[in-house]
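Listed below are the residues making up each chain.
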Amino acid sequence: MIKKILCVPLDPVHDVGIKIIKSELDKHGHNTHLLSPDLSMEEVVSIASREDYDFILVSRTLGYGVAELLARFVDLLDTAGVREKSKIVIGGKPITSELAAELGFDKGFGEHSTLEELIAYIEGREVKIKLSGLNREKKDFTSKYNYEFFDKEVETLLEEITDKTLKWAEGKTSSAIERAKIKEDYLLSTNEQLKSVLLKKYNELSDTVIVDANQNRKYPNGVRSVTDEELSSLKNYLQISNPVNPIEIQHNENQPAIFKFLGSGCPILDITHGKICERWGINGFLIINPSWEARYEGLIDGLLTHENDGTITSFENIKLMRELLDKSTLLTVRAHRGLNTPETVLLAGMAGADLSKINLVYGSLGAGTDPTRLAVDGIEAIKISAKYGMPFDIPGNDELSGVPAWKTLAGLLINVMIGKKLGAKAIPKPLFCYGPHIVINGLMKQNFIDYNSAKIKLLRSIADMPIWPGEPIAFMTQTEERVQSANATSYHSALAATLGADAITVASTDEAYSRGPICITSRIDSIRAITDAYRFVGDASFSTTKQCDYYTEDLRVKLISTLKTVAAKSHLAEAIYAGDLGDKEDGAYPGKFGFNSVKE
């Protein structure tokens, strides 16, 4: 049935919103009349009283004293008898149904209301509104790439390096590899007697602190079990707190997916923050584990919380996070350093995680794991990643050390080729940051666009593979001022979008300077800034200068030189010991954890 509707922009100047509404009502065949925005309330009431309108739609921005003005307007309509024949509706960003009722209107439509809801109300029919749930699909940004190498010189060098390394690693094992095999059998078994035997073998390969935790529940300081009450409270909270009006960060389907860190130490807090971030559009999360996990042989079992940074990567913790985050949300688990890399990837795969994080080079430098140990363990971890169909991302290592970009990129590409050889999809993560080498050499003195763009351009010219700038973007460009930090993140996000990146990792605005737990408002700061940046840039792009072309070619020349140096060595671990992928002058030192622990 056609309705007669008066559209009233009760505002000195603003009438764009009500014009859009009128246009949509006209398309649905309704008889609408739009007033100009400069009429007084008395003039509007006079017009409204002359004819029989079914609805009077009022649009108004709120401000100081406006509520009283709107209440007076309703009183004037009452006095003129308009309320007896017309329904009075108010709309605007700050409007809520409660405020509309309080002011005397029949209905109110706010910021998150849709035109479909308004039209359904006018036509007297119900509209099915999706008030809860994300209702989105999981992104798979590896499926469109075939990992073909375009740069044959680089491909040949990488083939030589990886073939030597894989051959060298044949027949080698470690307690970590053995534990991973035991843990897989343990988790798959339903035979309690067999599980008891497997657990005993596992403990024989683990450090005392891990055995004490798993056998006697004598945990390291700050670690305890999550209580049944805590878990029950979380699930009850999530049942009544489904995401309402979820945001879509990407303005178009080609813009990068957005990942954030989780690693507060408490899986309950991680999940709570994760669910809120999902509502604001985040596509995935990285579970960051405690640094002490890397130093011990073996991992602690159970649903556990930890008072300090880093969430314990037990099977139970990962599984809980996977189950309670939305099915469309991507989950990746850090495993690229430490003495438990194969087992961590195994647990991630068996708990249903989507990706893992492995880097045989980065994890061997900067006080990390012994290069021989991590090379052997890392190769096994990549095999496990392939077995469970999990792509693995490869973080760069020049954000804190002084390792130059070409050495970092060489390390990323070596990992990509190892992944290709072993049937796993690797995702290189060039850094978008203001690292020490960049500062010392003035590489971003003129702008932050050229050098970051050069990294992406170089990688795109070498192989057909996904690219995921991290970790996080804008690192070392943020300050303690939250607005500045949000802006810095948004600029780098927009750049990544225009360069065709597949994903980016972003930090909260207080992440580098929090001096304590990350707060949810700071998480939302950066998300909203990125959402605006994506909308702002759309399908446009930034223009680089000639310096970008110079940087790209310079990086390529130095990358090839680095790969040649590595290829001259017997295997990857030897090259890392020699400093070919980061030396003392770069601030990079071969790791010591697990030294001399590889078994033939």
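In this report, we go over the structure that sits alongside the text. (Residues numbered from 1 in each chain as written. Predicted model: local features only at pLDDT ≥ 70, side-chain atom pairs only at ≥ 80, totals over all residues. Heavy atoms only, no water.)

Some details on the overall build of the protein
Move 1: Assigned secondary structure in the protein consists of 21 helices and 16 strands.
Move 2: Along the three orthogonal principal directions, the C-alpha set of the protein runs to about 95 × 65 × 40 Å. (Helix = DSSP H or I, 4+ residues; strand = E, 2+ residues; numbered from the N terminus.)

Here's the deal with the sheet that holds strand β2 (residues 31-34)
Move 1: The strand order β2-β1-β3-β4-β5 describes an open sheet built from five strands, whose pairing is parallel. Both outer strands of the open sheet, β2 and β5 (107-109), are each paired with one neighbouring strand and no more. Taking each pair of neighbouring strands and ignoring which way they run, the sheet shows an average axis angle of 20°.
Move 2: As defined by bridge partners, strand β1 (residues 4-9) adjoins strand β3 (residues 55-59) across five bridges and the pair is classed as parallel. Note that in β3 the partner of Ile5 across the bridge is Phe55. (Pairing = 2+ DSSP bridges. Axes fitted to C-alpha atoms, helices over the stretch in contact; angles between N-to-C directions.)

Overview of a nonpolar patch on the surface
Move 1: A cluster of nonpolar side chains, namely Val16, Ile20 and Leu115, defines an oily patch on the protein surface of about 260 Å² accessible area.
Move 2: With respect to the helices and strands, the residue Ile20 is situated in helix α1 (residues 16-27). (Patch = residues over 30% accessible without salt bridge, like charges linked within 9 Å, V, L, I, M, F, W, Y side chains within 5 Å. Areas by Shrake-Rupley, 256 points an atom, 1.4 Å probe, with all protein chains shown as cover. Salt bridge = Lys/Arg side-chain N within 4 Å of Asp/Glu carboxyl O.)

A look at the layout of surface pockets
Move 1: Quantified by volume, the second largest pocket comes out at close to 630 Å³.
Move 2: Contributing to the lining of the second largest pocket are 26 residues, with Gly17, Ile21, Gly91, Gly92 and Lys93 lying nearest its centre.
Move 3: Residue assignment for the lining of the second largest pocket shows that the elements contributing at least two residues are α1, β3, β4 (87-91) and α5 (115-122).
Move 4: Examining the composition of the lining of the second largest pocket, we find that five residues originate from one element, α1, more than from any other.
Move 5: Among the residues forming the lining of the second largest pocket, the class breakdown is 13 nonpolar, nine polar and four charged. (1 Å grid on protein atoms, 1.4 Å probe; cavity = no way out; pocket = protein on both sides within 12 Å on 5 of 7 lines; lining within 4 Å. Points joined across faces, edges and corners; volume = space filled by probe spheres on them. Nonpolar A, V, L, I, M, F, W, Y, C, P; charged D, E, K, R; others polar.)

Brief notes about the pattern of salt bridges
Move 1: Tallied over the full model, the rule gives 41 salt bridges.
Move 2: Asp301 serves as the salt-bridge partner of Lys183, at 3.2 Å between the closest nitrogen and oxygen. Taken together, the residues Lys183 in helix α7 (residues 175-188) and Asp301 in the loop between β8 (284-287) and β9 (304-306) connect sequence positions 118 residues apart. The two residues Lys183 and Asp301 agree in class, both being buried.
Move 3: Across the pair Lys357 and Asp393 runs a salt bridge, and its minimum N-O distance is 2.8 Å. Of this pair, Lys357 sits in strand β11 (residues 355-357) while Asp393 sits in strand β12 (residues 392-395), and the two are 36 residues apart along the sequence.
Move 4: Judged by its relative accessible area of 2%, Lys357 falls in the buried class.
Move 5: Several salt bridges converge on common partners, so that one network encompasses Arg179, Lys183, Glu297, Asp301, Glu343, Arg373 and Asp377. (Buried < 20%, exposed > 50% of the residue type's maximum accessible area, 1.4 Å probe, protein only.)

Describing the nonpolar core
Move 1: By size, the foremost hydrophobic cluster in this structure holds 113 residues, and its most contacted members are Ile414 and Leu563.
Move 2: Broken down by element, the residue count for this core peaks at 10 residues, all from helix α15 (residues 405-422).
Move 3: When sequence neighbours within four positions are dropped, the list of residues in contact with Ile414 reads Leu158, Ile161, Thr162, Leu563, Val566, Leu572 and Leu581.
Move 4: Among the nonpolar cores identified, the runner-up in size contains 25 residues, and Val8, Ile47, Phe73 and Ala100 belong to it. (Core = buried A, V, L, I, M, F, W, Y, C linked by side-chain atoms within 4.5 Å. Contact = heavy atoms within 4.5 Å.)

Remarks on the side chain of His571
Move 1: With respect to the helices and strands, the residue His571 is situated in the loop between α20 (546-567) and α21 (572-577).
Move 2: The class of His571 is buried, set by a relative accessible area of 13%.
Move 3: Look past the residues within four positions of His571 in its chain and what remains in contact with it is Lys164, Thr165 and Trp168.

Some thoughts on the packing of aromatic side chains
Move 1: Here the structure, examined in full by the defined rule, presents nine aromatic pairs.
Move 2: Ring centres of Phe141 and Phe259 lie 6.2 Å apart, and the angle between their planes is 90°; on these two criteria the pair is classed as edge-to-face. Note that Phe141 is positioned in the loop between α5 and α6 (152-169) and Phe259 in strand β7 (residues 257-262), a separation of 118 residues in sequence.
Move 3: Phe141 gets classed as buried once you look at its relative accessible area, which sits at 9%.
Move 4: With centroids separated by 4.3 Å and ring planes inclined at 35°, the aromatic side chains of Phe259 and Trp468 adopt a geometry described as tilted. Here Trp468 lies in the loop between α17 (449-462) and β15 (470-475) and Phe259 lies in strand β7, a separation of 209 residues in the sequence.
Move 5: With a relative accessible area of 0%, Phe259 lands in the buried category. (Phe/Tyr/Trp six-rings, centres within 6.5 Å; stacked < 30°, edge-to-face > 60°.)

A look at empty space enclosed by the protein
Move 1: In the structure shown here, the tally under the stated rule is two cavities of 30 Å³ or more.
Move 2: Its boundaries defined by the atoms lining it, the largest cavity holds a volume of some 70 Å³.
Move 3: Lining of the largest cavity is provided by Asn289, Glu293, Ala294, Leu299, Arg334, Ala335, Arg337, Gly338, Leu339, Asn340, Thr341 and Thr344.
Move 4: Of the residues assigned to the lining of the largest cavity, the class counts are four nonpolar, five polar and three charged.
Move 5: Considering only enclosed or pocket space, the second largest cavity measures out at about 40 Å³ in volume.
Move 6: Lining the second largest cavity are Ile182, Lys183, Tyr186, Leu198, Leu199, Tyr202 and Asp301.
Move 7: Elements with a minimum of two residues in the lining of the second largest cavity: α7 and α8 (192-204).

Re unusual backbone geometry
Negative phi characterises most residues that are not glycine, and trans characterises most peptide bonds.
Move 1: The step from Gly470 to Glu471 runs through a cis peptide bond, and the omega angle for that step is 5°.
Move 2: With respect to the helices and strands, Glu471 occurs in strand β15.
Move 3: Put simply, Glu471 and Pro472 share a cis peptide bond, and its omega is 5°.
Move 4: Positionally, Pro472 belongs in strand β15.

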